[in-house]
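# Working through the structure, step by step
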Amino acid sequence: MDTLSYKTISANKATVNKEWLLVDAKGQTLGRLASKVAKILRGKHKPNFTPHVDCGDNVIVINAEKIQLSGNKWNDKVYLRYTGYPGGQRSTTAKELLDKHPERLIEKSVKGMLPKNRLGAELFRNLKVYVGTEHDQEAQKPKAINLNDYK
């Protein structure tokens, strides 16, 4: 037998089947939730995963304000940013970020788990995070999933 009887199937934009998934963050631990959401955004849970193609699903996260952190991370975890001016380093604790913008906690942790290139930026646009149970994607008919069923 001198030929292969199987071919490696590579997904592309035309062959990818994208779904809308709804995730409830209530009572979930931040890092565990973020890693599972990043895996779904990337498409690694699908059998036709292709590393250089956006083959993941669109994810809607609700109840962002009800996320959990273990230990003293609410006060000890610090988010740093730089304004661009001398002496312009600003820091924010996780508790302060939760009080002002709860959705940014999840967005920051998921974005850090995606590739740092154009594909990662494109994948990040497929994530929608909302405070409370209301969201703007009812027209897409998202399918509610339980993240505990995913590895």
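See the structure shown above.
Here we come to unusual backbone geometry. One non-glycine residue with positive phi stands out, namely N63, at about 60°. Residue placement: N63 occurs in the loop between β2 (58–62) and α2 (73–76). Since its relative accessible area comes to 3%, N63 is described here as buried. Of note in this structure, K141 is not a glycine but carries a positive phi near 50°. Residue placement: K141 occurs in the loop between β5 (127–129) and β6 (143–144).

With 30 residues, the main nonpolar core has V37, V61, I67, L105, I106 and V110 as its most contacted residues. Secondary-structure elements contributing two or more residues to this core are β1 (20–24), α1 (30–42), β2, α3 (94–100), α4 (102–111), α5 (118–124) and β5. Ranked by residue count, the leading element in this core is α1, at seven residues. Among residues more than four places away in sequence, those in contact with V37 are V59, V61, V110, L127 and L147.

Across the sheet, which stays open at both edges, the four strands sit in the order β5-β2-β1-β6 with parallel pairing between neighbours. Each edge of the sheet is formed by a strand with only one pairing partner; in this case those strands are β5 and β6. Pairing of β1 with β2 involves five bridges; the strand directions are parallel. In the sheet register, V23 faces β2, and the bridge partner there is V61.

We now examine the pattern of salt bridges. Note on pairing: side chains with opposite charge can pair once their charged atoms come close. Following the criterion strictly, the structure yields three salt bridges and no others. The salt bridge involving K46 is made with D57; its shortest N-O contact spans 2.8 Å. Of the two residues, K46 sits in the loop between α1 and β2 while D57 sits in the loop between α1 and β2, which places them 11 residues apart along the sequence. Assessed through its relative accessible area of 1%, D57 is described here as buried.

Moving on, we come to the packing of α1 against α4. Where α1 contacts α4, the axes come no closer than 9 Å and their chain directions differ by 60°. On the basis of the axis angle, α1 is oblique to α4. As for the relative orientation of α1 and α4, their crossing is right-handed in sense. Facing L30, L33, A34, V37, A38 and L41 of α1, the residues of α4 in contact are L105, I106, S109 and V110.

Here we come to the side chain of R42. In this fold, R42 is placed in helix α1. At 8.1 Å, D54 is the nearest oppositely charged side chain to R42, a buried residue that forms no salt bridge. Reaching out from R42, the side chain makes a polar contact with the backbone oxygen of P51 at a distance of 3.1 Å.

Analysis parameters
Residues numbered from 1 in each chain as written. Predicted model: local features only at pLDDT ≥ 70, side-chain atom pairs only at ≥ 80, totals over all residues. Heavy atoms only, no water. Helix = DSSP H or I, 4+ residues; strand = E, 2+ residues; numbered from the N terminus. Buried < 20%, exposed > 50% of the residue type's maximum accessible area, 1.4 Å probe, protein only. Core = buried A, V, L, I, M, F, W, Y, C linked by side-chain atoms within 4.5 Å. Contact = heavy atoms within 4.5 Å. Pairing = 2+ DSSP bridges. Salt bridge = Lys/Arg side-chain N within 4 Å of Asp/Glu carboxyl O. Axes fitted to C-alpha atoms, helices over the stretch in contact; angles between N-to-C directions. Parallel < 35°, antiparallel > 145°, perpendicular 65-115°, else oblique. Left-handed = near helix turned anticlockwise from the far one by under 90°. Lys, Arg positive; Asp, Glu negative; His and termini not counted. Polar contact = N/O pair within 3.5 Å; in protein donor to acceptor, adjacent residues only side chain to side chain.

Limitation: the analysis is restricted to geometry and does not speak to function.
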